[in-house]
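An overview of the molecular structure
Letter by letter, the chains look like this.
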Amino acid sequence: MTRILCISSLTLTLLVGTAWAQSTPTKVIVYPLEAVIDSGAMSHGQFRKRYPGIDVTDFGLTDEGWYIRYTHQKLVYMFGPSDDLEYTRELKAVLEEIRLSAVLKDSKLSSSKIEIVKFEFSFASN
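These remarks concern the structure in this document. Predicted model, so just to flag it, every value in this text is computed and none were measured.

This next bit is on the nonpolar core. Core analysis: the largest hydrophobic core is formed by 14 residues, its most contacted members being Tyr31, Ile68, Phe79 and Leu95. Those elements that place two or more of their residues in this core are β1 (27-31), α2 (35-41), β3 (65-72), β4 (75-82) and α4 (85-105). Grouped together as the second largest cluster of nonpolar side chains are eight residues, Val56, Tyr67, Val76 and Met78 included.

And the structure:
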């Protein structure tokens, strides 16, 4: 009987944990574009102190331009905006090198992605 209760408890815990993970929204944090370079040179604590980031999860982006988007599971880091696509591409290459180094240290990060996206307001015309 105890074994059945333990198995039932474990199953319930896994189901609740899975449901919670699926229901939690993706967190979106915006950093200035120059934070890309520092992200590979600073410790996590130093980076957080210098760049606290802006959590836009609930209200979205407010500045138009090019962004470098790093995604991993339910976390999105947006670096930008920039008016210069070429400079954004250069910084994307830097971030890809930083990502590769992190993946070599922790293979769980291999599912992360880096891409360039453009955000602009669109107005419906009549």
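So much for the structure itself; the text now carries on.
So, about the pattern of salt bridges. Pairing between side chains of opposite charge can happen when their charged atoms approach one another. Enumeration over the complete set of coordinates arrives at six salt bridges. Arg50 serves as the salt-bridge partner of Asp38, at 3.2 Å between the closest nitrogen and oxygen. Here the residue Asp38 occupies a position in helix α2, and Arg50 occupies one in helix α3 (residues 44-50), the gap between them amounting to twelve residues. Under the relative-accessibility criterion, Asp38 is labelled buried at 15%.

In space, the five strands of this open sheet follow the order β2-β1-β4-β3-β5, with mixed pairing throughout. Strand pairing shows two members of the sheet lacking a second neighbour, β2 (54-55) and β5 (113-119), which therefore form its edges. Relative to β4, β3 runs antiparallel, the two being bridged by six bridges. Looking at the pairing, Arg69 lines up with Met78 of β4. Along the sheet, α4 contacts β3, β4 and β5; its crossing angle with β5, the most-contacted strand, is approximately 160°.

How each quantity is defined
- Residue indices follow the written sequence of each chain, beginning from 1 at its first position.
- Residues qualify for local features only when their pLDDT is at least 70, as the model is predicted, and side-chain atom pairs are given and counted only at 80 or more; totals for whole chains, interfaces and linings, by contrast, use all residues.
- Side-chain measures were taken over the full set of non-hydrogen atoms in the model, leaving aside hydrogen atoms and water.
- As used here, the term nonpolar core means buried Ala, Val, Leu, Ile, Met, Phe, Trp, Tyr and Cys residues forming a set that is joined through side-chain atoms within 4.5 Å.
- Burial here depends on accessible area, computed with a 1.4 Å probe over protein chains only, as a share of the maximum for the residue type. Under 20% is buried, over 50% is exposed, and the range in between is partly exposed.
- Strands here are runs of E lasting at least two residues and helices are runs of H or I lasting at least four, both read from the DSSP assignment and numbered beginning at the N terminus.
- We count a salt bridge whenever a side-chain nitrogen from Lys or Arg sits within 4 Å of a carboxyl oxygen from Asp or Glu.
- DSSP-based pairing: two strands are paired if at least 2 bridges between them are found.
- Here, two residues are considered to be in contact whenever any of their heavy atoms come within 4.5 Å of each other.
- Angles here are taken between N-to-C directions and fall from 0 to 180 degrees, while the axes themselves are lines fitted to C-alpha atoms, restricted in helices to the stretch in contact.

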